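Overview (structure and organization)
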Amino acid sequence: MNDALRCCNYDTRGIGLEAGRWINGDEMATYMIIGGLGLFSLLHLLTATRKVRSAIVTQIGELQYKGLFSFASLMAFGTAVYGYIQGSYVEYWVADSVIILLQSFLLMPVAIILIVSSYISKGTQRLTRHPMLMGVTIACFSHVLVNGDLAFILFFGGLGGYGVLAMLWSDHQRRISRDTEDQLFLEQTGYFPVFGRLHQNNGDLLPRLGTLGPVIGTACYGLAITYHGQLLGVSPLSSILAP
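Quick caveat: nothing in here was measured; it's all calculated off a predicted structure.

Okay, the overall build of the chain next. Looking only at helices and strands, the chain has ten helices and two strands in total. Listing every helix and strand of the chain by position from the N terminus yields α-β-β-α-α-α-α-α-α-α-α-α. Burial status across the chain gives 32% buried among its 243 residues. Taking the intrachain contacts of the chain between residues at least 6 apart in sequence as the baseline, contacts between residues at least 24 apart amount to 66%.

Right, here's the structure in full:
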């Protein structure tokens, strides 16, 4: 009798059945994060494949392609976000004050400046070949350093992993291309800053670096660090000063 009753008991957060047992809410949240980010990454990597993108656009048209891709990407990312929100707090580590300082005042300024500058000037590619993706990757992995929560690790670690794959895949597409401009771009850019690339030379594909992007990026970082506590409930400074 007791065994029969035990078989019928399940977590009140159970929402599905797998292999004869209920999947609880935390398990489903994990699956949603991994599945959502996996689909999000796959969609972006597929459409970054030039032949695949060209074939899809030829079949359904540019406008329909953009609409379908945007909808599918939003659904995939939204699934991952919902899973992240629903997951319980499962702590694996607690960052000390040195790590928080490193993340808040070194890594995040670099990440935000790269992301913002990438939308202002192509000259930002003199710093790194993929400034937006590099900025997102740094931001995601740096947040994992200071947040040892399982859902946080899966979500931001997954996004950071996508950023790395996207950079590598984009470079692969350029390498297999026969386009001269692609080859020149690979020769004139890199993942990390090199002093010689910061100055514009004859034959360069990219414009000069400029100062507008970094200045606006620095201002955005200032706003982010100032209002992080009010917007997200956690202030880097208060985390450092907390006993």
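This paragraph deals with the nonpolar core. The biggest cluster of nonpolar side chains holds ten residues, and these are Ile 33, Leu 37, Ala 80, Cys 140, Val 144, Ala 151, Phe 152, Phe 155, Phe 156 and Leu 159. Elements with a contribution of two residues or more to this core: helix H2 (25-47), helix H6 (131-146) and helix H7 (150-176). The residues touching Leu 159, leaving out its near neighbours within four places in the chain, are Leu 37, Phe 77 and Cys 140.

Attention shifts here to the packing of helix H5 (residues 97-118) against helix H9 (residues 212-232). Where H5 meets H9, the axes come as close as 8 Å, and the angle between the chain directions of the two elements is 130°. On the basis of their axis angle, the class for H5 and H9 is oblique. Between H5 and H9 lies a crossing of right-handed hand. Contacts between H5 and H9 involve Ser 104, Phe 105, Met 108, Pro 109, Ile 112, Ile 113, Val 116 and Ser 117 from the former and Gly 213, Pro 214, Ile 216, Gly 217, Thr 218, Cys 220, Tyr 221, Ala 224 and Ile 225 from the latter.

Turning our eyes to something else, we now look at the confidence of the model for the chain. It should be kept in mind that the predicted coordinates are not to be read in detail where pLDDT is low. For the chain, the mean per-residue pLDDT works out to 87, and 87% of the residues sit at or above 70. Here residues 1-22 is a poorly scored stretch, pLDDT under 50, and it has 23 contacts once near neighbours within four places are set aside; other chains count.

Moving on, we get to the packing of helix H4 (residues 62-86) against H7. Running from N to C, H4 and H7 cross one another at 155°; their axes reach a closest spacing of 9 Å. On the basis of the axis angle, H4 is roughly antiparallel to H7. You can see that H4 and H7 cross each other, and the crossing is left-handed. Residue-level contacts link Phe 77, Ala 80, Val 81 and Tyr 84 of H4 to Ala 151, Phe 152, Phe 155, Phe 156 and Leu 159 of H7. Here the contact of H4 with H7 is composed, by residue class, of nine nonpolar, no polar and no charged.

Moving on, we come to the packing of aromatic side chains. For the coordinates displayed, the defined rule picks out nine aromatic pairs. Members of the aromatic cluster, connected to one another through ring pairs, are Phe 40, Phe 77, Tyr 84, Phe 152, Phe 155, Phe 156 and Tyr 162. Cation over ring: Arg 129 sits above Tyr 191, and NZ or CZ is 5.3 Å from the ring centre. Over the ring of Phe 185 we find Arg 174; its NZ or CZ atom is 4.1 Å from the centre of that ring.

Thresholds applied
Residues numbered from 1 in each chain as written. Predicted model: local features only at pLDDT ≥ 70, side-chain atom pairs only at ≥ 80, totals over all residues. Heavy atoms only, no water. Helix = DSSP H or I, 4+ residues; strand = E, 2+ residues; numbered from the N terminus. Buried < 20%, exposed > 50% of the residue type's maximum accessible area, 1.4 Å probe, protein only. Contact = heavy atoms within 4.5 Å. Core = buried A, V, L, I, M, F, W, Y, C linked by side-chain atoms within 4.5 Å. Axes fitted to C-alpha atoms, helices over the stretch in contact; angles between N-to-C directions. Parallel < 35°, antiparallel > 145°, perpendicular 65-115°, else oblique. Left-handed = near helix turned anticlockwise from the far one by under 90°. pLDDT = per-residue confidence, 0-100. Nonpolar A, V, L, I, M, F, W, Y, C, P; charged D, E, K, R; others polar. Phe/Tyr/Trp six-rings, centres within 6.5 Å; stacked < 30°, edge-to-face > 60°. Lys NZ or Arg CZ within 6 Å of the ring centre and 35° of its normal.

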